[in-house]
Amino acid sequence: MTEATLATAPAHKEVSVETPAQRLVRKFVANRIALGGLAVFLAIALAAVLAPLIAPQNPYDLAGLDIMDGAIPPGGEAFSGGTYVLGTDEQGRDMLSAILYGLRISIGVGVGSTVIALAIGLAMGLFAAYSGGWRDALVMRLVDLQLGFPPILIALILLAILGRGVDKVMIALVALQWAYYARTVRGNALVERRKEYIEAARCLGLPYARIVFGHLMPNCLPPLIVVATMQVAHAIALEATLSFLGVGVPVTEPSLGMLIANGFDFMMSGRYWVSFFPGVTLLVTVVSINLVGDHLRDILNPRLQK
Amino acid sequence: MGYVINRLMQGLMVIAVMAVLVFVGVYAIGNPVDMLISPEADQAEIEATIIRMGLDKPLWEQFLGFVGGALRGDLGTSFMYNEPAVRLILARFPATLELALAAILMAVAVGIPLGVIAGLRPNGVVGRSIMTVSILGFSLPTFWVGMMFIMVFAVSLGWLPSTGRGETVEVLGVRWSFLTANGLSHLFLPALNLALFKTSLVIRLARAGTREVITQDYIKFARAKGLSETRVILVHMLKNMMIPVVTVLGLEFGSVVAFAVVTETVFAWPGIGKLLISSIVHLDRPVIVAYLMLTVLLFVTINFVVDLIYAILDPRVRRKEAA
């Protein structure tokens, strides 16, 4: 109890000089589970970025693979000496290295598509809310049409048309996600545009673009952060699903989903590790992001703020 | 009546828009000749097929032909099976329907009690644990969980089969698995797998519904009358919180069918989802088009029916639309 009062007391003193961003950080840090989620995700992301440096072998350098080391269980001794912590697949590929490299593709696709979709959705949402009239109606009907169908179905349609590839998966994920942002931004922008600071900006005769991007946009961002965090997790999971189904990334650039799919056949013969560890990695990544997003939503929800 | 017509027109619009998108996507992007004709065909065969399929005609004429065929229920013939695509899909639909219904049943059977418990004690240890588990349900990748099911229950323990539908019984001219013991054992794991995600959703809906209903006067009155807590929960509360749950599940049915693609692939369940994936992999375009158009039809129909039920139940919806 005393610990809690001590923790909040100095914060109360600073309230007058605390910026919204500082308040956000303080509230976020106060929740251990969310902080833990963030720490886990950052560790995973760091491991993915540093994969070429920390991975025991380059899993795509075929010359470095030894077929004699194929299908070694986790912790098993290699034929050529050394141990494989997470075992190897049929070709003698170290699973730990394959996972680290796979993470790069999974996280890259997830974060990359989210950022692009965020930019498109933001622009479309602001445009719809600020123009109003038939332009607004057109954009929103498109959003309704798209959100009326499950994401996996739309992704399958697009990939059936476009074919396989990392870029194609990203296009599909962007096409899926923009509608969520557009809807969120529009709802928020409709409220914000009636506020006095927008009126003041208009009275000053500021140009259209400056009002929209300089004044309206920054005030529409907070709820988008929550949606975007959750969408990164969705995008990573969906990419894995699509790759598992064989319509996502190509075999030459295996993401976590691809690794899991590759191990599917070996699982029947009891060699679980080829699928199991990439799956656990995927799960931990998605859960850690969801924990962060869930807590961010609580912090940023005005109804829950005192 | 004006409302019904309005909704019907909207539904038809969606179908029309999707027809254009699907047509443009499948027939206009890329070279349709490569996609529609098997690579082994020689030059004479290719030319014959182009003329037979009307690929030498202008695009708008091809589109009219596509629409005309679609209205007659003809969406082309599969290259793989050499059968009309629509018949191919309809033949596999009962398997998917059976799987989807079993999954929804499981989600309700597990999700409602857990959601009610979480709603009755939102701050208790049990309530919080249930909500944390439901976040996990949203995060777990369906296909991986399905594989883990196979690993544990089929490979390690050997309790349940992991592929196919098992024995089926023909009722009303359609084969069903759930009527035989062997079929049921085949159905269990895929249905459980497909149910996972929806169970989390049902838990959340039931929890929110319980928390809302619990503050109502009729619950207080029922308690004041001295009714047992079991009766208050089972009769008064459950009845009222089921309305949003049933609505959302009705709307979610289409998404369960779409998501069955993943489960069917993992468990080799011979439904329409597995057919779609193999058609995409083998570039069997007519089947893809037929799947998409039939799914769109299914979605539009579900939305239309839900809208209609809403309007019947709630007069405000009708008046708002009329105004």
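### What to know about the overall build of chain A
The secondary structure content of chain A amounts to twelve helices and two strands. Taken from the N to the C terminus, the helices and strands of chain A come in the order α-α-α-α-β-β-α-α-α-α-α-α-α-α. Looking at chain A as a whole, 48% of its 306 residues qualify as buried. A sequence separation of at least 24 residues applies to 70% of the contacts in chain A between residues at least 6 apart. Just so you have it, chain A exposes about 14,700 Å², and 67% of that area is on carbon and sulfur atoms.

### Observations regarding the overall build of chain B
In terms of helices and strands, chain B carries 13 helices and two strands. Per-residue burial for chain B yields a buried fraction of 43% across its 323 residues. When contacts within chain B are restricted to residue pairs at least 6 apart in sequence, those whose partners lie at least 24 apart make up 71%. Element-wise, carbon and sulfur atoms account for 67% of the exposed surface of chain B, whose accessible area totals about 16,500 Å².

### Description of the confidence of the model for chain B
Here chain B averages 79 in pLDDT, while 85% of its residues score no lower than 70. Among the scores for the predicted complex, ipTM is 0.76 and pTM is 0.80.

### Topic: the state of the cysteines
Residues and elements named next belong to chain A. Evaluation of the coordinates by the stated rule reveals zero disulfides over all chains. With no disulfide of its own, Cys203 lies closest to Cys220 among cysteine sulfurs, the gap being 19 Å. The class for Cys220 is buried, based on a relative accessible area of 1%.

### Regarding the nonpolar core
Leu156 and Leu245 of chain A together with Phe143 of chain B are the most contacted members of the largest nonpolar core, which totals 128 residues. Top contributing element to this core by residue count: helix α10 (residues 229-267) of chain B, with 15 residues. Residues from two domains meet in this core; each of domain 1 (2-71) and domain 2 (91-281) of chain B gives at least three. Aside from chain neighbours lying at most four places away, what touches Leu156 of chain A is Leu242, Leu245 and Val247 of chain A together with Val261, Leu276, Ile277 and Ile280 of chain B. Core analysis: the next-biggest nonpolar cluster, separate from the first, contains 18 residues, Leu122, Tyr181, Val185 and Leu224 of chain A among them.

### Considerations on the packing of helix α5 (residues 85-120) of chain B against helix α8 (residues 181-213) of chain B
Relative placement of two packed helices is described by the angle separating their axes and the distance separating the axes. Residues and elements named next belong to chain B. Relative orientation of the contacting elements α5 and α8 amounts to 35°, with a least axis distance of 5 Å. Here α5 runs over α8; the crossing is right-handed. The class makeup of the residues in the contact of α5 with α8 is 23 nonpolar, five polar and four charged.

### What to know about the packing of aromatic side chains
A complete count under the given rule lists seven aromatic pairs over all chains for this structure. A ring pair is formed by Phe197 of chain B and Phe259 of chain B, whose centres lie 6.3 Å apart and whose planes are at 10°; its orientation type is stacked. You can see Phe197 of chain B sitting in helix α8 and its partner Phe259 of chain B sitting in helix α10, a full 62 residues away along the chain. Pairwise contacts between aromatic rings join Phe244 and Phe264 of chain A together with Phe143 of chain B into one cluster.

### What to know about the interface of chain B and chain A
Contacts between the two partners involve 38 residues from chain B and, on the opposite side, 33 residues from chain A. Across the chain B/chain A interface, buried area totals approximately 3,200 Å², and carbon plus sulfur atoms make up 86% of it. For chain B, the biggest contributors to the area lost against chain A are Phe143, Trp144 and Met147 of chain B; these three give 20% of the whole. Remark: the boundary between chain B and chain A carries zero salt bridges. At the boundary of chain B and chain A, one finds one residue pair in polar contact (both at pLDDT 80 or more). Secondary-structure elements contributing two or more residues to the side of chain B that touches chain A are α1 (2-28), α6 (125-139), α7 (142-156), α10, α11 (272-281) and α12 (285-313) of chain B. Across the side of chain B that touches chain A, the residue classes break down as 30 nonpolar, six polar and two charged.

### A closer look at the side chain of Ser243 of chain A
Residue and element names in this part refer to chain A. Looking at the element boundaries, Ser243 is found in helix α10 (residues 208-245). Engagement of the side chain of Ser243 in a polar contact is seen with the side chain of Glu239, the distance being 2.7 Å. Residues contacting Ser243, with those up to four places away along its chain left out, are Gly248, Val249, Ser255, Gly257 and Met258.

### Some remarks on α8 of chain B
Spanning 33 residues, α8 of chain B covers only 40 Å between terminal C-alpha atoms, well under the ideal 48 Å at 1.5 Å per step. At Leu196 of chain B, α8 of chain B is bent by approximately 45°, the largest bend along its length.

### Here we look at a nonpolar patch on the surface
All names here are of chain A. Together, Val25, Val29, Leu35, Leu38 and Leu42 make up a nonpolar patch on the protein surface, roughly 390 Å² of accessible area in all. Of all the elements in the fold, those that place two or more residues in the nonpolar patch are α2 (20-30) and α3 (32-49). The element best represented in the nonpolar patch is α3, accounting for three residues. Inspection of the secondary structure puts Leu35 in helix α3. Residue Leu35 is classed as partly exposed on the basis of its relative accessible area of 33%.

### Concerning the pattern of salt bridges
Applying the stated criterion across every chain, the model contains seven salt bridges over all chains. A salt bridge links Arg87 of chain B to Glu83 of chain B, with the shortest nitrogen-to-oxygen separation between them at 3.7 Å. Residues joined by salt bridges that share partners form a network here, namely Arg141, Asp144 and Arg183 of chain A.

### Details of unusual backbone geometry
If you check the backbone angles, Ala268 of chain B has positive phi at about 50° while not being a glycine. Within the secondary structure, Ala268 of chain B sits in the loop between α10 and α11.

### Description of the packing of helix α5 (residues 95-131) of chain A against α10 of chain A
Residues and elements named next belong to chain A. One way to put it is that α5 packs onto α10 with a least axis distance of 7 Å and a crossing angle of 145°. The handedness of the crossing between α5 and α10 comes out as right-handed. In terms of residue class, the contact of α5 with α10 is made up of 20 nonpolar, six polar and one charged.

### What about the environment of Asp284 of chain B?
All names here are of chain B. Residue placement: Asp284 occurs in the loop between α11 and α12. Residues Asp284 and Ala85, spaced 199 residues apart in sequence, show a C-alpha to C-alpha distance of 9.6 Å. If sequence neighbours within four positions are ignored, Asp284 has contacts with Ser78, Phe79, Met80, Tyr81 and Ser279.

### What about the confidence of the model for chain A?
Residues and elements named next belong to chain A. The pLDDT averaged across chain A works out to 79; a share of 82% of its residues lies at or above 70. Helix α1 (residues 2-14) is the least confidently modelled element of chain A, averaging 47 in pLDDT, while α5 averages 88, the highest of any element. Per-residue pLDDT stays below 50 along residues 1-11; that stretch engages in two contacts with residues further than four places along the chain or on separate chains.

### A short note on α10 of chain A
For α10 of chain A, which comprises 38 residues, the first-to-last C-alpha distance of 46 Å sits more than 12% below the rise-based estimate of 56 Å (1.5 Å per residue). Just downstream of α10 of chain A lies Gly246 of chain A, where phi reads positive at about 90°.

### Quick word on the environment of Asn182 of chain B
All names here are of chain B. Within the element layout of this structure, Asn182 appears in helix α8. On the accessibility criterion, Asn182 (30% relative accessible area) is partly exposed. For the pair Asn182 and Leu160, spaced 22 residues apart in sequence, the C-alpha to C-alpha distance is 9.6 Å.

Cut-offs and rules
- Residues numbered from 1 in each chain as written.
- Chains lettered and ligands numbered in written order.
- Predicted model: local features only at pLDDT ≥ 70, side-chain atom pairs only at ≥ 80, totals over all residues.
- Heavy atoms only, no water.
- Helix = DSSP H or I, 4+ residues; strand = E, 2+ residues; numbered from the N terminus.
- Buried < 20%, exposed > 50% of the residue type's maximum accessible area, 1.4 Å probe, protein only.
- Contact = heavy atoms within 4.5 Å.
- Areas by Shrake-Rupley, 256 points an atom, 1.4 Å probe, with all protein chains shown as cover.
- pLDDT = per-residue confidence, 0-100.
- Disulfide = S-S within 2.5 Å.
- Core = buried A, V, L, I, M, F, W, Y, C linked by side-chain atoms within 4.5 Å.
- Domains from an automatic or database assignment.
- Axes fitted to C-alpha atoms, helices over the stretch in contact; angles between N-to-C directions.
- Left-handed = near helix turned anticlockwise from the far one by under 90°.
- Nonpolar A, V, L, I, M, F, W, Y, C, P; charged D, E, K, R; others polar.
- Phe/Tyr/Trp six-rings, centres within 6.5 Å; stacked < 30°, edge-to-face > 60°.
- Buried area = accessible area lost by both parts, 1.4 Å probe.
- Salt bridge = Lys/Arg side-chain N within 4 Å of Asp/Glu carboxyl O.
- Polar contact = N/O pair within 3.5 Å; in protein donor to acceptor, adjacent residues only side chain to side chain.
- Expected span 1.5 Å × (residues − 1).
- Bend = angle between axes of the 7 residues up to and from the residue.
- Patch = residues over 30% accessible without salt bridge, like charges linked within 9 Å, V, L, I, M, F, W, Y side chains within 5 Å.

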